[in-house]
Amino acid sequence: MAAVTLGTTPPAPAPAPQAKNYKGFVAGIFSGIAKLSVGHPFDTIKVRLQTTASTRFTGPLDCLASTLRNEGVLGLYKGATPPLVGWMFMDSVMLGSLTVYRRLLRDNLFNPPWHPLHDPSRPLPTHGHGLAGVMAGATVSFIAAPVEHIKARLQIQYAAKKTERLYTGPIDALQKIWRHHGIRGVYHGLGATLLFRSFFFFWWGSYDVFSRWMREYTKLSAPAINFWAGGLSAQVFWIASYPSDVVKQRIMTDPLGGGLGDGVRRFPRWKDAAVAVYREGGAKGYWRGFLPCFLRAFPANAVALVAFEAVMRSLP
């Protein structure tokens, strides 16, 4: 038996390897590029159907054909720069804050260490994931609102020639809106954005449900579970939130007026935009443009997650 020397301190255990935070940031860039490449054409069709009179396009295919005929393929990528840049930050803030809120809710509400029934192995319940999603959605809204605002205004410019458009690009749009309306103009639609992203409850709650079910009843690998759960939960989110998105887009594309010279403002309140949608198209008006959005939800989010996971695995 080995001798033990009294009065000596055993060597401290080696510290656990620290997570390399840069990996998530870099992988998020590729996630944003993948999401944009697949999803933005669908988003352009969706926004145009949401914000134009029902007589302009007979449906998504007519809108697609008209856009390609008059503006070419690049017309489908109008307003792509703001979300490409913004998604890099939004994914970082969204996923980072979601992780923090999950931990805070687990340790302080659903499974606090001081509780006599505390179980370290107990996972956060599904409604806890949903609540964390709401909180993360509110956090990321302060980045998403100006990005989506600028994007939406660029997407509804139908002139093929830049000289005939009010905004030549995202920087020009930001400068003009800031010059005439300041920070309030840039953040036009923030309230509608916060309401829309409160439906993240359904996204992250259903993501947990799908993930648990697949882990228990299938033999899929972890990346495959993430792929399918991510795509399906995104579709659940859009089914729940789409009417609020229609109203949000109406608000974000409403003329700001003043020195900008883009028209007269129609919707000073969220309620005004919601009523206008119903007056123009009835209940169906809240679902105008839903098909391209729904078709986009699965591949855009699934591909983004595949790109994210692949880059995370390949980085040192």
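Because the structure is a prediction, the values reported are computed rather than measured. (Residues numbered from 1 in each chain as written. Predicted model: local features only at pLDDT ≥ 70, side-chain atom pairs only at ≥ 80, totals over all residues. Heavy atoms only, no water.)

**What about the pattern of salt bridges?**
To keep it simple, the criterion reads: By definition, a salt bridge exists where a carboxyl oxygen of Asp or Glu is found within 4 Å of a side-chain nitrogen of Lys or Arg. Numbering of helices and strands runs from the N terminus; a helix is a DSSP stretch of H or I covering at least four residues, while a strand is a stretch of E covering at least two. Burial here depends on accessible area, computed with a 1.4 Å probe over protein chains only, as a share of the maximum for the residue type. Under 20% is buried, over 50% is exposed, and the range in between is partly exposed.
Scanning all chains against the criterion turns up 14 salt bridges. With its nearest N and O atoms 2.9 Å apart, the salt bridge here joins Asp-245 to Lys-46. Placement of the pair is Asp-245 in helix H8 (residues 222-252) and Lys-46 in helix H1 (residues 21-51), with a sequence separation of 199 residues. Among the residues examined, Asp-245 registers a relative accessible area of 1% and is labelled buried. Residue Lys-46 is classed as buried on the basis of its relative accessible area, which comes to 2%. Notably, a salt bridge pairs Asp-208 with Arg-212, separated by 2.9 Å at the nearest N-O pair. Here Arg-212 and Asp-208 lie together in helix H7 (residues 200-217), a separation of 4 residues that amounts to about one turn. A single salt-bridge network, built from bridges that share partners, covers Asp-43, Lys-46, Glu-148, Lys-151, Arg-197, Asp-245 and Lys-248.

**Considerations on H8**
Note the threshold: By definition here, a helix of n residues has an expected span of 1.5 Å times n minus one. The angle between axes fitted to the seven residues ending at a residue and the seven residues starting there is what we call the bend at that residue.
Along its 31 residues, H8 runs just 38 Å from first to last C-alpha, ending more than 12% under the 45 Å computed at 1.5 Å per residue. Helix geometry: H8 is bent most strongly at Ser-241, by close to 60 degrees, with proline Pro-243 lying one to four residues after it.

**Quick word on the packing of aromatic side chains**
Inclusion rule: Each aromatic pair joins two rings of Phe, Tyr and Trp (for Trp, the six-membered one) with centres within 6.5 Å, and gets the label stacked for planes under 30 degrees apart, edge-to-face for over 60, and tilted for any other angle. When the NZ atom of lysine or the CZ atom of arginine is within 6 Å of a ring's centre and also within 35 degrees of its normal, the charge is said to sit over that ring.
With the rule as written, the count across this model stands at 20 aromatic pairs. Between Trp-203 and Trp-204 the ring centres are 5.6 Å apart and the planes differ by 5 degrees, which places this aromatic pair in the stacked class. Relative to Phe-298, the ring of Phe-227 lies with its centre 5.7 Å away and its plane at 75 degrees, an arrangement referred to as edge-to-face. Taken together, the residues Phe-227 in helix H8 and Phe-298 in helix H10 (residues 290-314) connect sequence positions 71 residues apart. Relative accessible area serves as the criterion here: at 23%, Phe-227 is assigned to the partly exposed category. With a relative accessible area of 15%, Phe-298 lands in the buried category. Here Lys-248 stacks its cationic end above the ring of Phe-196, 5.0 Å away from the centre of that ring.

**What about a nonpolar patch on the surface?**
Just so we agree on the cut-off: By definition, no residue in a patch forms a salt bridge, and every one has over 30% relative accessible area; like charges are joined within 9 Å, nonpolar side chains (Val, Leu, Ile, Met, Phe, Trp, Tyr) within 5 Å. Throughout, the Shrake-Rupley method with a 1.4 Å probe supplies accessible areas, and for residues the shown protein chains are the sole cover considered.
Together, Phe-30, Ile-33, Leu-84, Val-85 and Phe-89 make up an exposed nonpolar region whose accessible area comes to about 410 Å². Elements that contribute at least two residues to the nonpolar patch include exactly H1 and helix H3 (81-110). Looking at the nonpolar patch, the element that brings in the most residues is H3, giving 3 residues. On the basis of relative accessible area, Ile-33 is assigned to the partly exposed category, the value being 39%.

**Section: the packing of helix H4 (residues 126-155) against H7**
Formally: To obtain an axis, a line is fitted to C-alpha atoms, over the contacting stretch when the element is a helix, and the angle between two such axes runs from 0 to 180 degrees between their N-to-C directions. Note on convention: the crossing is left-handed when the near helix lies turned anticlockwise from the far helix by less than a right angle, right-handed when the turn is clockwise. Between two residues, a contact is recorded if the distance between any of their heavy atoms is within 4.5 Å. Only Asp, Glu, Lys and Arg are considered charged, only Ala, Val, Leu, Ile, Met, Phe, Trp, Tyr, Cys and Pro nonpolar, and every remaining residue, Gly among them, polar.
Taken N-terminus to C-terminus, the directions of H4 and H7 make an angle of 145 degrees; their axes are 7 Å apart at the nearest point. Handedness of the H4/H7 crossing: right-handed. On H7, the residues touching Thr-126, His-127, His-129, Gly-130, Leu-131, Gly-133, Val-134 and Gly-137 of H4 are Phe-200, Phe-201, Trp-204, Gly-205, Asp-208, Val-209 and Arg-212. Of the residues in the contact of H4 with H7, the class split is 6 nonpolar, 7 polar and 2 charged.

**Some details on H4**
The terminal C-alpha atoms of H4, which comprises 30 residues, lie only 36 Å apart, well short of the 44 Å expected from a rise of 1.5 Å per residue. Where H4 bends most, at Ser-141, the angle is about 50 degrees. In terms of residue burial, H4 counts as a mostly covered element, since 21 of its 30 residues are buried.

**Details of the nonpolar core**
To be explicit about the condition: Residue types Ala, Val, Leu, Ile, Met, Phe, Trp, Tyr and Cys, when buried and joined through side-chain atoms within 4.5 Å, form a set referred to as a nonpolar core.
Counting residues in each nonpolar core, the largest one holds 37 residues, and the members touching the most others are Trp-204 and Trp-238. Those elements giving two or more residues to this core turn out to be H3, H4, helix H6 (190-197), H7, H8, helix H9 (270-281) and H10. The element best represented in this core is H8, accounting for 8 residues. In contact with Trp-204, not counting residues within four places along its chain, are Met-94, Leu-95, Leu-98, Arg-102, His-129 and Gly-133. Core analysis: the second largest hydrophobic core is formed by 8 residues, Leu-154, Tyr-167, Val-186 and Leu-260 among them.

None of this, on its own, says anything about what the molecule does.
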